[in-house]
Every structure is written in C-alpha cells, then in structure tokens.
Amino acid sequence: MNSAPGQDSSPVIRAVERLLPPHYARQEQIIGALRDMWATRHFNIERLEELHRSVRVDGRFLALPIEKYPSLVTFQQRNDAWIQVALELGEQVVRQALDRTGLTPRDVDHIFFVTVTGIATPSIDARLMNRLGMRPDMKRTPIFGLGCVAGAAGAARASDYLRAWKGQTALLLAVELCSLTLQREDLSIPNIIASGLFGDGAACVVLQGAERSGAAAGPRVVATRSVLYPDTERIMGWDVVDSGFKVVLSAKVPQLVREFIRRDVDGFLAEHGLTLKDVKHWVAHTGGPKVLQAFEEALELTPDSLAHSWASLREVGNLSSASVLFVLGDMLESGRAQPGDWGVLMAMGPGFCAELVLLRW
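As annotated in an unreviewed UniProt entry, the protein chain carries the name Type III polyketide synthase and comes from Archangium minus. UniProt annotates the protein chain under Sequence similarities (unreviewed entry) with the comment "Belongs to the thiolase-like superfamily. Chalcone/stilbene synthases family."

Here it is, written out as structure tokens:
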C-alpha cells in the first residue's frame with residue numbers, strides 16, 4: 001500500500017517499549033548445550049562453533065532457563081510453553097508502553113498482534129483482553145506468518161488503519177520466542193545457524209491517529225510500502241513437521257537484499273520527493289551480519305548508519321518480528337532525531353518480501 005495524505009494527517013508513534021525474558025545465556029553457554037546434544041550424533045562440533053561465532057551474537061535471552069529445554073520433546077509441550085510465556089511478556093510490555101504514554105488499557109481501540117513462533121486460538125491478543133481489562137469492543141487483528149518482516153508490516157498496517165480512524169489509539173504487539181522452535185533432530189546448516197542467531201523478546205508500539213495524538217512528540221508515519229518478490233517462497237519460512245516448526249532459511253537472502261532493496265527504497269522515496277541523502281535515520285531489521293552488510297552496501301550507508309541494528313544483533317540476537325522494533329526503540333531513546341528529520345524503517349521476511357515505513361519527526 002502507498003499512502004501519503006500529508007504529514008499533518010499522519011499517525012504518530014507515541015512510544016516503543018521492549019521486554020526481554022529474565023533468562024540469559026552467553027553464546028558460549030548455548031554452544032556448550034548444543035555440543036552436548038549433537039555430539040552423540042557425530043555432528044562436526046567445530047562447524048557448530050564456527051557457524052555460531054560467525055553470526056556475531058554475544059548472548060541471548062531465553063523464554064525458559066536453558067536447563068528446561070531438554071524436557072520439551074513434543075510440539076504441544078513447546079507450544080504450551082510459548083502460550084504461557086507469550087502471555088506473561090505480552091501483558092508486561094503492553095502495560096509498560098501504555099504507562100509511558102499516560103494511557104490505560106481501556107484507551108486502546110485496536111490491537112495488532114504479530115508472531116511466527118507459536119499458535120493459539122483464541123489468539124494471544126484475545127487472551128490479554130481480560131488480563132489487561134481492555135474494552136470488550138476493542139478491535140483485534142492477529143497476524144501470523146510474516147516472520148522477520150512483521151514488526152515493520154505491523155507498524156505499517158496499524159498506521160494504515162489510523163489514517164481512516166484519526167481519533168483512535170492502536171497497539172502493535174510483537175512476541176517472538178524463537179528458542180522454543182529449535183528442532184533437535186535437524187542437523188541442517190539453516191537450523192544450526194538459526195540455533196545461534198535467533199533469540200526471544202517482545203515489543204509494543206503505541207500509535208495514535210492525527211486527531212488523537214495532537215502535538216504529541218514522536219515520529220509520524222508518513223507512508224508505507226509493501227513489496228513481494230515473485231517465486232521466492234522457499235527463501236525463508238517454516239516447514240510445519242510433526243515436531244513443530246522446521247526453519248527454511250536460504251543463503252540467498254543477502255543476495256536478494258543487494259538485488260532489490262536499493263531499487264525499492266529509491267522508488268519509495270522518489271514518490272515523496274526524497275532521495276537517500278534526505279534520510280538521516282535508518283532502522284533496519286537485524287537479519288544477521290550478512291544481511292546488515294547487504295543493506296549498507298546496497299544503500300551506500302555510512303559506517304554508523306546501522307549502529308543500533310549492529311548493537312542489537314550483538315546484544316540480543318535476531319528477535320524475528322520484534323527486532324526492528326527493538327532497534328526503533330533504541331534509536332528513539334538515543335535522542336538523535338531532530339524535528340524535520342526523515343527516517344526509514346525496513347525489514348524483509350517470508351514471502352520473500354520487504355516492508356518500508358517512511359518516518360518524519
């Protein structure tokens with residue numbers, strides 16, 4: 001969707017809150033646990049360590065204590081754990097985000113919930129309504145399957161909604177517990193990389209329509225753009241197997257970034273009379289070192305342009321849909337943005353696809 005009815009009518013991002021589970025493991029600790037598990041299967045342990053260190057992640061926060069994972073054998077056990085922890089993190093991060101803006105759960109008119117690491121019916125957003133005391137007439141839009149792109153896509157869909165309902169407040173909630181999807185029997189390179197790259201976390205964004213936000217501080221969502229690349233379904237995603245979600249992750253992802261992202265960003269900016277030089281703030285999903293390098297090369301960015309993305313990757317790993325929201329929150333708290341600055345929030349994910357969001361302070 002392309003939408004730019006003018007900055008004054010654009011929704012505003014009031015707050016971005018991030019939350020990590022309380023259980024932390026250094027990368028060396030995770031390597032040790034996987035070494036013990038996979039060594040009996042004659043896997044090349046040196047290759048495991050090489051792949052884990054190549055993703056440049058120092059450590060990750062986990063949904064459960066690391067010693068609890070061996071007891072999760074079935075898909076049901078993993079998914080039950082996902083529901084429990086997703087509710088705990090979701091409730092807490094929503095409360096924190098609303099507190100930051102001085103709002104209450106009953107002020108929320110619409111909640112968009114994104115995830116790709118577990119399933120629940122009723123969905124997590126529905127289960128949170130009673131826990132948070134939300135209005136029974138609040139609208140809900142649960143979105144499953146967008147993976148890493150869902151943080152940007154969710155922000156875009158929420159802002160698209162608020163262009164029509166300018167007097168309303170919307171939440172975007174992302175909860176990803178990637179550690180609960182690990183397939184122990186899968187010794188493929190994609191699964192080994194995923195076991196070293198992906199972490200757990202939750203993020204909540206508070207957005208308001210132009211008539212509701214007034215002169216509130218925060219970046220305005222000026223426009224959004226979705227792009228789907230034909231015949232790329234096997235680049236990234238899940239194969240749903242008896243034991244749960246088996247990762248599909250192609251080595252071609254950085255190549256696709258280099259091939260398409262410059263064209264799409266240039267075209268997106270041109271529609272609004274802008275060029276790359278007009279953008280002062282880049283908020284990129286932490287897809288991994290090769291993906292971030294591809295963003296930098298394709299868009300000819302300066303070494304510090306993606307500093308927040310690199311730092312987030314190192315400190316917490318790739319949090320799937322929540323990652324780009326973590327980066328956005330870090331950037332907002334840095335205080336670097338000034339009135340009139342332009343920014344681009346971008347992510348890529350299963351489809352294979354891209355989501356671009358144009359921001360202005």
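Don't stop here, the text continues.
## Some thoughts on the pairing of strand β13 (residues 353-360)
Summarising burial for β13: 7 of the 8 residues are buried, a large majority. Taken together, the 8 bridges between strand β8 (residues 220-228) and β13 define a ladder with antiparallel strand orientation. Bridge pairing in β13 links Leu228 to Cys353. Between strand β12 (residues 342-349) and β13, which pair antiparallel one after the other, the connecting turn spans 3 residues, and Gly351 there sits at a positive phi close to 155°.

## Observations concerning the packing of aromatic side chains
Taken as a whole and assessed by the stated rule, the structure comprises 8 aromatic pairs. Centroid distance Trp238 to Phe245: 5.2 Å. Interplanar angle 20°. Geometry classified as stacked. The exposure class of Phe245 is buried, given its relative accessible area of 5%. Taken together, the ring pairs in this structure connect Phe75, Phe144, Trp238 and Phe245 into an aromatic cluster. Seen from the ring of Trp165, Lys139 lies directly overhead, with NZ or CZ sitting 5.6 Å from the centre.

## Overview of unusual backbone geometry
Most peptide bonds take the trans form, and the phi angle of most residues other than glycine is negative. Thr121 connects to Pro122 through a cis peptide bond whose omega is 5°. Topologically, Pro122 is positioned in the loop between β4 (110-115) and α4 (124-132). A cis geometry characterises the amide bond from Gly351 onward to Phe352, with omega recorded as -15°. With respect to the element layout, Phe352 can be found in the loop between β12 and β13. Positioned with a positive phi, Asp231 is a non-glycine residue whose angle comes to about 60°. Here Asp231 is to be found in the loop between β8 and β9 (236-241). The residue Glu300 is not glycine, and still its phi comes out positive at about 55°.

## Observations concerning the nonpolar core
The biggest cluster of nonpolar side chains holds 45 residues, and the ones touching the most others in it are Ile261, Trp282, Phe295 and Leu358. Elements with a minimum of two residues in this core: α6 (189-197), β8, α8 (253-270), β11 (279-284), α9 (289-299), α10 (307-316), β12 and β13. No other element matches the 8 residues that α8 contributes to this core. With residues up to four places along the chain from it excluded, the contact list for Ile261 reads Leu256, Phe295, Ala298, Leu299, Met348 and Leu356. Leu64, Val94, Ala97 and Leu173 belong to the second largest nonpolar core, which has 44 residues in total.

## Some remarks on the side chain of Thr224
Within the secondary structure, Thr224 is located in strand β8. A distance of 3.3 Å separates a polar atom in the side chain of Thr224 from a polar atom in the side chain of Asp160.

## Here we look at the pattern of salt bridges
Counted according to the given criterion, the structure contains 20 salt bridges. Salt-bridge contacts for Asp264 lead to Arg263; the nearest nitrogen and oxygen are separated by 3.0 Å.

## Thoughts on α8
Taking 1.5 Å per residue, 18 residues should reach 26 Å; α8 reaches 25 Å between its end C-alpha atoms and fits that length. A maximum bend of about 40° is found in α8 at Phe260. Of all the positions in α8, only Val253, Pro254, Leu256, Val257, Phe260, Ile261, Asp264, Val265, Phe268 and Leu269 are classed as buried.

## Describing the packing of α9 against α10
α10 packs onto α9 with a crossing angle of 175° between their chain directions and a minimal axis gap of 11 Å. Comparing the axis directions of α9 and α10 gives the class roughly antiparallel. Only Ser309, Trp310 and Leu313 of α10 make contact with α9, whose side of the interface consists of Pro289, Leu292, Gln293 and Glu296. A class-by-class count of the residues in the contact of α9 with α10 yields 4 nonpolar, 2 polar and 1 charged.

## Observations concerning the UniProt feature "domain: Chalcone/stilbene synthase C-terminal" (unreviewed entry) in the protein chain
The sites that carry the UniProt feature "domain: Chalcone/stilbene synthase C-terminal" (unreviewed entry) are, in the present numbering, residues 226-360. The span residues 226-360 is 38% helix and 27% strand, and its two end C-alpha atoms sit 19 Å from each other.

## Looking at the packing of helix α1 (residues 27-38) against helix α2 (residues 45-54)
With their axes 10 Å apart at the nearest point, α1 and α2 run at an angle of 150° to one another. If you check the angle between α1 and α2, you find them roughly antiparallel. Seen along the crossing, α1 lies across α2 with a hand that is right-handed. Side by side, α1 and α2 meet where Gln27, Glu28, Ile30, Ile31, Leu34, Arg35 and Trp38 of the first sit next to Ile45, Leu48, Glu49, His52 and Arg53 of the second.

Thresholds applied
- Residues numbered from 1 in each chain as written.
- Predicted model: local features only at pLDDT ≥ 70, side-chain atom pairs only at ≥ 80, totals over all residues.
- Heavy atoms only, no water.
- UniProt positions renumbered as here; feature names shortened; annotations may be inferred.
- Buried < 20%, exposed > 50% of the residue type's maximum accessible area, 1.4 Å probe, protein only.
- Helix = DSSP H or I, 4+ residues; strand = E, 2+ residues; numbered from the N terminus.
- Pairing = 2+ DSSP bridges.
- Phe/Tyr/Trp six-rings, centres within 6.5 Å; stacked < 30°, edge-to-face > 60°.
- Lys NZ or Arg CZ within 6 Å of the ring centre and 35° of its normal.
- Core = buried A, V, L, I, M, F, W, Y, C linked by side-chain atoms within 4.5 Å.
- Contact = heavy atoms within 4.5 Å.
- Polar contact = N/O pair within 3.5 Å; in protein donor to acceptor, adjacent residues only side chain to side chain.
- Salt bridge = Lys/Arg side-chain N within 4 Å of Asp/Glu carboxyl O.
- Expected span 1.5 Å × (residues − 1).
- Bend = angle between axes of the 7 residues up to and from the residue.
- Axes fitted to C-alpha atoms, helices over the stretch in contact; angles between N-to-C directions.
- Parallel < 35°, antiparallel > 145°, perpendicular 65-115°, else oblique.
- Nonpolar A, V, L, I, M, F, W, Y, C, P; charged D, E, K, R; others polar.
- Left-handed = near helix turned anticlockwise from the far one by under 90°.

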